[in-house]
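Results of the structural survey
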Amino acid sequence: SILLLHRPAAAHDKLLGGLLADGFDEGSCHSRYQSAMYRRNNAGKEPSPHLEALQRRCGPGTAAYSNAVESLRSGKSGGIGSPPQTECRYLVSISYRGLGNRILAAASAFLYAMLTDRVLLVDPSNEMGELFCEPFPGTTWLLPPGFPLTNFTSFSVDTTESYGNMLKNKVITTDAAAGDVPTPHQQLPAFAYIHLDHDYTFHDKFFFCDDDQSVLRNVPWLVMRTDSYIVPGLFLVTGFQAELDSLFPETDAVFHHLARYLFHPNNHIWGLVTRYYDAYLATARQRVGVQVRVFGARQESPKVLEQITACAHMENLLPDVITTGEPAATTRRRLKPKAVLVTSLTSWYYEKLKGMYWERATATGEAVGVHQPSHEEYQRFGSGSHDAKACAEIYLLSLSDALVTSGWSTFGYVAQGLAGLTPRVMYKPANESSAVPDPPCRRDVSMEPCFLTPPYNNCRMKRSAHSGKVVAHVKNCHDVPWGLKLI
Ligand code: GDP
């Protein structure tokens, strides 16, 4: 199983107060050692001492790993056979879609692996290995070549070996599903596919129930697909409660800790981050990150621009501009400027904001610099330089002192979580012709990402159907009313 180690209290600051493992070559991953210098609120949250999972005993390259792969290879064709004998258990994480989705999926898989004593292996085709440094000292989090389930990246809701389909077809049963009659010791498959995509079914959703977790515990290999932050769903499983409580005394900082442990941009991306920060943001009096994500065909929306300025005004994040005349001489002060970091697929919002603060004086007399690292115009898939820029921008946003984000966007969720900042989240207008939402934004309930597609089943009548109201620390999201998030 995974070994959870406590860090010595005296661990150096650059290891984020002991959150990170020592024992890496510093030159191979500058961000791991330098990020503490770029963040203001490092001290704000206590790292969870357990957050170090050593995969050395079971990970790729070990005899245990070879045995487990061999057992999967011989067990996969027969489906259900004799109970597979493996020393260690594994979770293979398939993640897909945009970078924000992939980061949330990998962090979720990591936590689930920790809770269930599984070794985490991420599918290398999701490019995690091309963006981030290796998080585990002396081993790897990347699934090595030669994995016996050759078609696993195309597993979908229809896959016969999905947990949901095996439940539905009674290939697997839980005690609870069988009524009061105890299930005889059942033979379990060598692997199960856990489908947690947005189209997951009634049966797939039993993943978030205690009885089902007891069954899954005995399946040596799990392959999981999600594009979501499923962690609030793991808080619904009572069997995980004790360990979650001890891992995360602060339930609103779960992703913050997971992300700072797992996601260290590689040296190329760290160069993009630090060069930009040092050139444009370092000397500012205050950095305000504005993440603009417009879902829909038309990226350039005057209403979204109005929403941004209305939000910044309401929340006192940016000064107003004087529309007529000149500022009173007394307000002309030589303060260090405020810096606004805009991220967006288009440069339109940046141009408008920059023009606004150049062409007009501010009521307070302060100067406002507006910056945007890139404008990629549209979302691309499988392009290294595109993902590198997205990664750098998420990271740059996370170095802000205050954040305005777009609701529904996993890109923003990752930035706020990495930052450890509760953002002002802008509501998504119902459609392009609807009015600017009033209020334009709201301080979110926590820095945690929202689980956009949570299960609303009742675990076979054992629990109230509306999980958003029954579990402490799990509430509905502001931006997505049916979503769940930790507070
Ligand atoms: P979501 O779709 O907003 O939930 O966020 P994702 O990160 O999952 O997917 C959006 C993708 O579009 C990103 O990964 C980027 O590839 C691209 N993208 C969206 N907004 C930006 C942005 O502000 N800057 C950059 N560089 N890319 C962006």
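Residues numbered from 1 in each chain as written. Predicted model: local features only at pLDDT ≥ 70, side-chain atom pairs only at ≥ 80, totals over all residues.

1. Examining the overall build of the protein
- Each helix and strand in the protein was counted, giving 15 helices and 14 strands.
- Evaluated residue by residue, the protein yields a buried proportion of 44% over its 487 residues.
- Pairs at least 24 apart in sequence give 75% of the contacts found in the protein among residues at least 6 apart. (Helix = DSSP H or I, 4+ residues; strand = E, 2+ residues; numbered from the N terminus. Buried ≥ 20, exposed ≤ 12 C-beta atoms within 10 Å, placed from the backbone. Contact = placed C-beta atoms within 7 Å.)

2. Quick notes on the confidence of the model for the protein
- On average, the protein scores 86 in pLDDT, and the residues at 70 or more come to 85%.
- A low-confidence stretch, residues 1–12 (pLDDT under 50), is modelled with 23 contacts involving residues beyond four sequence positions or located in other chains.
- Here residues 46–51 scores under 50 on pLDDT; set against residues more than four positions off or in separate chains, the count is 19 contacts.
- Predicted as a complex, the structure gets a pTM of 0.91 and an ipTM equal to 0.99. (pLDDT = per-residue confidence, 0-100.)

3. Structural notes on the pairing of strand S5 (residues 191–196)
- The buried count for S5 comes to six of six residues, which makes it a mostly enclosed element.
- Pairing analysis gives six bridges linking S5 to strand S6 (residues 221–226), with the strands arranged parallel. What sits directly across from Ile-194, in S6, is Met-224.
- This β-α-β element, S5 to helix H6 (residues 210–216) to S6, shows right-handed connectivity. (Pairing = 2+ DSSP bridges. Right-handed = clockwise from strand over helix to strand, strands pointing away.)

4. Brief notes about the site of the ligand
- Residues in contact with the ligand amount to 19 residues; listed here are only the nearest, Gly-98, Leu-99, Gly-100, Ser-409 and Thr-410.
- For the shell around the ligand, the element with the most residues is helix H13 (residues 384–397), which contributes four residues.
- Each residue belonging to the shell around the ligand can be placed in one class, and the counts come to four nonpolar, ten polar and five charged.
- For the shell around the ligand, the domains that each give at least three residues are domain 1 (3–249) and domain 2 (267–486). (Near = placed C-beta within 6 Å. Nonpolar A, V, L, I, M, F, W, Y, C, P; charged D, E, K, R; others polar. Domains from an automatic or database assignment.)

5. Thoughts on helix H9 (residues 254–262)
- With nine of its nine residues buried, H9 lies for the most part within the structure.
- All buried positions along H9 are accounted for by Val-254, Phe-255, His-256, His-257, Leu-258, Ala-259, Arg-260, Tyr-261 and Leu-262.
- Residues of H9 that are buried make contact with helix H3 (99–115), helix H7 (231–234), helix H14 (410–419) and strand S14 (484–486).

6. Some remarks on the domain arrangement of the protein
- Entries for the protein in the domain assignment read domain 1 (3–249) and domain 2 (267–486).
- Domain 1 puts 34 residues into the contact, and the matching count from domain 2 is 34 residues.
- Contributing elements (two or more residues each) for the side of domain 1 that touches domain 2: helix H1 (30–38), H3, helix H4 (128–131) and H7.
- Take the side of domain 1 that touches domain 2: its biggest share by element is five residues, from H3.
- Taken together, the residues that form the side of domain 1 that touches domain 2 break down as 18 nonpolar, ten polar and six charged.

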